[in-house]
Amino acid sequence: MGDFNLALVIVAIIVCVLVFIFNVYLLVNYQHPDDANQAYFPKFVVVLGLSIAAISILMLPADVANRQACRHAIYNGACNLTLPMKDLWLAIYIVDAVLVFFVIPFAMFYYEGDQDKSVGKRLKSALIWVILTAVVCALLLGILYGLVGKVDFTVRHLSSSTSNFPSSWDFSNSQQCIGNGAKQCSAYSANASSETTWTMRSTFPEYVVALATIVGSVLFTIFGGVGIACLPLGLIFSFIRRPKAVITRSQYIKEATELAKKARELKKTADALHQEERSGNKGRKWRKNVKAVEKEVLLLEEDVKALEEMYPQGEKAEAAWAMTVLGYLAKLVLGVLGLIVSVAWIAHIVIYLLVDPPLSPFLNEVFIKLDDIWGLLGTVAFAFFCFYLLLAVIAGATMLGLKIVFITIHPMKWGATLMNSFLFNVGLILLCSISVIQFCATAFAYYAQATAAQEIFGHTLQSLRGIKYLYKYNVFQIAFIVLAGLTFVYYAAFGWRRKKPSGRFQLST
């Protein structure tokens, strides 16, 4: 067992280092050229946040492996010598909450501050906002923890009188206790009146994790439910809408002229909004106009990219067109594979979570059988399904940002992602990663049974006052399935259409 734990620690260290290196690689390749050699603090926060999110998801397979380390031990207390997974879970999620509610907002306020102001004024403004956020969060947490920070466990009261030690053991359905004087010694035969409620106060770290999980669950249900459908279908319909052939030079000049005209209109509108910002006229209508301009710019960039694909130029024009064709074929393949994963997720939620009792363990059995084939296969498959949910969250946030005006859009683009978009998506990933782990711990309860994650996200979370009913009646799972179904219908009806920029902006006066 000691050797197993040592190997687990070594693997965990290696994985953490690889996750950190991979996140640095993502940052370097996704960052905008304007952020090169500057904005080092936001970059550090981005790498740290992505690493925490990835490690938190990988901790559940580690929790399962840690449980197995003492499964075959022959002496009592063997499990006390394994990794302290419960303490690690609470530590990682306290860090998660601090990053989401304090560090990332501070970095965003500082990065998006008025560039004409001095560094000191930008720091002061960011600190004021973060301190206000901290005070509000502390008050809410303190009041809620003091009033309803308790867990109510439903238990059965069992009792039995003492009896002489029998010379033979004779048990049956009618005789399940030792001696005839026993009252209730079997939970199965006890009547309903034996049920009672055992109340105790939860620890403050567990309560913080629980509330963060609720906030994340709301966002995860909305964005994840939409994203699990639009992620694969978006790739498939992107292949359907692909350019079928190279256009002529005259067609290229005509389309480029139209795009240039739209670009000039957007530039004029952006300058007018900038003037309004300088004059201090930053009302609700101004913010609405800014978001509308951002969405129009994003759609214009997509049009420019599509035009460049339809009319490749330069000495390697034929090679560029071939790569374009291969890229759309890759989107089709990834879309089909993603659709299979999405359908498997939805089927598993219905079969294992919404039907009582479950019809089948489904994906739980798949992971267990993969573990039997080779120890890491089940872990890799489990991690893939969890990471897929995070990708679905980002896809859903991007889609809803394009459709709903009050949701700010922060797309991730290779070589063109500003730090504020990075920070927004990292905050969203961190906040939803808590809910993803809770969701996976519930969906894969058979695979992750008797783990520290089950204790935190299963027993405690689902017994908290005021919160337990959301999980008792599967509110989040049902909403997730409904949103996924509506998104499937939407894409089936309108997914093949391509939204064009409207070019209309109402400026505040």
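Summarised in this report is the structure supplied together with it. None of these values were measured; they are calculated from a predicted model.

## A short note on empty space enclosed by the protein
Unoccupied space between atoms shows up once a probe the size of one water molecule is rolled over them. A complete count under the given rule lists 3 cavities of 30 Å³ or more for this structure. In this structure, the largest cavity occupies an estimated 50 Å³ of space. What lines the largest cavity is simply Ser-217, Phe-220, Thr-221, Ser-435, Gln-438, Phe-439, Tyr-471, Phe-476 and Gln-477. Here the residues of the lining of the largest cavity sort into 4 nonpolar, 5 polar and no charged.

## What to know about helix H5 (residues 204–240)
In this model H5 runs 52 Å from its N-terminal to its C-terminal C-alpha over 37 residues, within 8% of the 54 Å that 1.5 Å per residue would give. Maximum bend of H5: about 35°, positioned at Gly-227. By the criterion of burial, H5 is predominantly enclosed, with 27 of the 37 residues buried.

## Some thoughts on the pattern of salt bridges
Between side chains of opposite charge, a pair can form when the charged atoms approach closely. Taken as a whole and assessed by the stated rule, the structure comprises 1 salt bridge. Of the charged contacts, one joins Asp-271 and Lys-267 as a salt bridge, the two residues approaching to 2.9 Å between their closest N and O atoms. With Asp-271 and Lys-267 both in helix H6 (residues 249–278) and 4 residues apart, the pair spans about one turn of that helix. Taking relative accessible area as the criterion, Asp-271 reaches 36% and is therefore assigned partly exposed.

## Concerning the nonpolar core
If you look at the biggest cluster of nonpolar residues, it comprises 83 residues, and the most contacted ones within it are Trp-89, Trp-345, Leu-389, Cys-440 and Phe-444. Tallying contributions element by element places helix H11 (residues 419–443) first for this core, with 16 residues. Those residues in contact with Leu-389, other than ones at most four positions away along the chain, are Phe-220, Ile-228, Trp-345, Val-436, Phe-439, Cys-440 and Phe-480. Residues Tyr-145, Leu-211, Ile-214 and Phe-476 belong to the second largest nonpolar core, which totals 11 residues.

## Notes on helix H7 (residues 284–310)
An ideal rise of 1.5 Å per residue puts 39 Å on 27 residues; H7 measures up with 39 Å between its terminal C-alpha atoms. Along H7, the residues that are buried comprise Trp-286, Asn-289, Val-293, Lys-295, Glu-296, Leu-298, Leu-299, Leu-300, Asp-303, Leu-307 and Glu-309.

## Brief notes about the packing of aromatic side chains
In this structure the tally under the stated criterion is 19 aromatic pairs. Ring geometry for Trp-345 against Phe-444: centres 5.3 Å apart, planes inclined by 40°, an arrangement best described as tilted. Residue Trp-345 is found in helix H8 (residues 317–354), and its partner Phe-444 is found in the loop between H11 and helix H12 (452–460); the two are separated by 99 residues along the sequence. Each member of the pair, Trp-345 as well as Phe-444, is classed as buried. Ring centres of Phe-367 and Phe-385 lie 5.8 Å apart, and the angle between their planes is 70°; this geometry places the pair in the edge-to-face category. Residue Phe-367 is located in helix H9 (residues 363–373), and its partner Phe-385 is located in helix H10 (residues 375–403); the two are separated by 18 residues in the primary sequence. Here Phe-367 falls in the buried class, since its relative accessible area comes to 0%. An aromatic cluster of at least three residues, connected via ring pairs, comprises Phe-220, Trp-345, Phe-367, Phe-382, Phe-384, Phe-385, Tyr-388, Phe-439, Phe-444 and Phe-480. Its guanidinium or amino end placed over the ring of Tyr-145, Arg-201 lies 5.2 Å from that ring's centre, counting from NZ or CZ.

Definitions and cut-offs
- Every residue gets a number counted from 1 within its own chain, in the order that chain's sequence is written.
- In keeping with the predicted nature of the model, local features appear solely for residues at pLDDT of at least 70, side-chain atom pairs appear and are counted solely at 80 or more, and the whole-chain, interface and lining totals rest on all residues.
- To obtain the side-chain values, all non-hydrogen atoms of the structure were included, while hydrogens and water were left out.
- Cavities and pockets were defined on a 1 Å grid built over protein atoms only: a cavity is a set of grid points that admits a 1.4 Å probe from which the probe cannot escape, a pocket is an open set flanked by protein on both sides within 12 Å along at least five of seven lines, and lining residues are those with an atom within 4 Å of any such point.
- Grid points are joined across faces, edges and corners, and a volume is the space filled by probe spheres set on the points.
- Classes in brief: Ala, Val, Leu, Ile, Met, Phe, Trp, Tyr, Cys and Pro nonpolar; Asp, Glu, Lys and Arg charged; the others, Gly included, polar.
- For helices the rule is a DSSP run of H or I covering at least 4 residues; for strands it is a run of E covering at least 2, with both sets numbered from the N terminus onward.
- Each helix should span, by expectation, one fewer than its residue count multiplied by 1.5 Å.
- At any given residue, the bend is defined as the angle formed between two axes, one fitted to the seven residues that end at that position and one fitted to the seven that begin there.
- Relative accessibility under 20% of the residue-type maximum defines a buried residue, over 50% an exposed one, and the middle range a partly exposed one, all with a 1.4 Å probe and only protein chains included.
- Throughout this description, the term salt bridge denotes a Lys or Arg side-chain nitrogen within 4 Å of a carboxyl oxygen of Asp or Glu.
- Put simply, buried Ala, Val, Leu, Ile, Met, Phe, Trp, Tyr and Cys residues joined by side-chain atoms within 4.5 Å make one nonpolar core.
- Residues are treated as being in contact if the distance between any of their heavy atoms lies within 4.5 Å.
- In this analysis, rings of Phe, Tyr and Trp, with Trp reduced to its six-membered ring, are considered paired at centre separations within 6.5 Å, and the interplanar angle assigns stacked below 30 degrees, edge-to-face beyond 60, and tilted for intermediate values.
- The rule is short: NZ of Lys or CZ of Arg within 6 Å of the ring centre and within 35 degrees of the ring normal puts a charge over the ring.

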